[in-house]
Amino acid sequence: MSKNDEAPPMQEQVQQIPISELHPFEGHPFRVVDDEAMTRTVESISQFGVISPLLVRPDPDGGYEIISGHRRCHAAEQVGLETLPVIVREMDDDEAIIAMVDSNLQRETILPSERAWAYKMKMDAIKHQGARTDLTSTQVVSKLAASEVGDSAGVSRETVRRYVRLTSLIPELMDMVDEKKIAFNPAVELSYLTRDEQSQLLDAMDYAQATPSLSQAQRLKKLSQLKQCTPEAMEILMDEVKKEELAPTVTLPTELLRKYFPKSYTPKQMEDTIIRLLDQWQKSRQRNQSR
């Protein structure tokens, strides 16, 4: 048979499989919650059924592991369906992880923690695949993995690596990132703290009733690198933040001040003159009060 006469690849068949034989992907990072989007999915399945088949793989221990379709499966259970249309595909662990992540990253709303763990799982799978090639450098494999994840997700390699850093956060801090109580960039810096330091930081934040800004998070990272990130140091730093936020400030527009100074004066000369005049005023007040 010539190359042109080769039989086309067999198309995967959609099968109806009982929901009781389907179970979630182990370590699945994407949450399945009964939110507004789930309500819409339930209503759609109630009216039209499950139109897009789930992707699963056989589980050696019995049943099938869901690769794509966890939300559809949950919604179908609420509707009361007994079977679901699925495509059964033989995949090893690395292939299954990559397919699971790629299918779920298409969702409109993804929490930072979900994206972080998904990127990490896919990177680890790609690196594991790379370990079976001639690429013996761990650093080379890691860079290629981050680039591949980024290319498929439409982000840079550095963005992928920064998201993966978030997986080093303790759950309490990760939750605060998801809840937008801590911004992404400060969270990346905080991920370099040890887990004990992160736990102690929770107390420092509670003490100051504030969360670290980017500059404070960078200072905390530096303290950790110097082995000086003690609970006392963190409380002092966070208390400085609170005092800075509460400290009153006075801002005078340059245009307002210009009319009192020669045009040739620089902002620095204007500032020095103002300070000198204030010193003279203070001394005059003190003399008057002593009379």
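These remarks concern the structure in this document. (Residues numbered from 1 in each chain as written. Predicted model: local features only at pLDDT ≥ 70, side-chain atom pairs only at ≥ 80, totals over all residues. Heavy atoms only, no water.)

## So, the environment of His 70
Now for step 1: The topology assignment puts His 70 in helix H2 (residues 70–79).
Now for step 2: When its relative accessible area of 8% is taken as the criterion, His 70 is described as buried.
Now for step 3: Sequence-wise, His 70 and His 23 are 47 residues apart; in three dimensions their C-alpha atoms are separated by 8.7 Å.
Now for step 4: Residues in contact with His 70, not counting those within four places in the same chain, are Pro 24, Phe 25, His 28 and Val 32.
Now for step 5: A polar contact of 3.0 Å, which involves the side chain of His 70, links it to the backbone nitrogen of Phe 25. (Helix = DSSP H or I, 4+ residues; strand = E, 2+ residues; numbered from the N terminus. Buried < 20%, exposed > 50% of the residue type's maximum accessible area, 1.4 Å probe, protein only. Contact = heavy atoms within 4.5 Å. Polar contact = N/O pair within 3.5 Å; in protein donor to acceptor, adjacent residues only side chain to side chain.)

## Some details on the nonpolar core
Now for step 1: In terms of nonpolar packing, the biggest core is built from 52 residues, with Ile 67, Leu 166, Leu 169, Ile 182, Leu 201 and Leu 220 touching the most fellow members.
Now for step 2: For this core, the element with the most residues is helix H4 (residues 112–130), which contributes seven residues.
Now for step 3: Excluding anything up to four places from it in sequence, Leu 220 contacts Leu 190, Leu 193, Leu 201, Pro 212, Cys 229, Met 234 and Leu 237.
Now for step 4: Among the nonpolar cores identified, the runner-up in size contains 15 residues, and Leu 22, Ile 45, Val 56 and Leu 84 belong to it. (Core = buried A, V, L, I, M, F, W, Y, C linked by side-chain atoms within 4.5 Å.)

## Regarding helix H7 (residues 171–178)
Now for step 1: Residues of H7 that are buried: Leu 173, Met 174, Met 176, Val 177 and Asp 178.
Now for step 2: Count one or two residues on from H7 and you reach Lys 180, which has phi positive near 65°.

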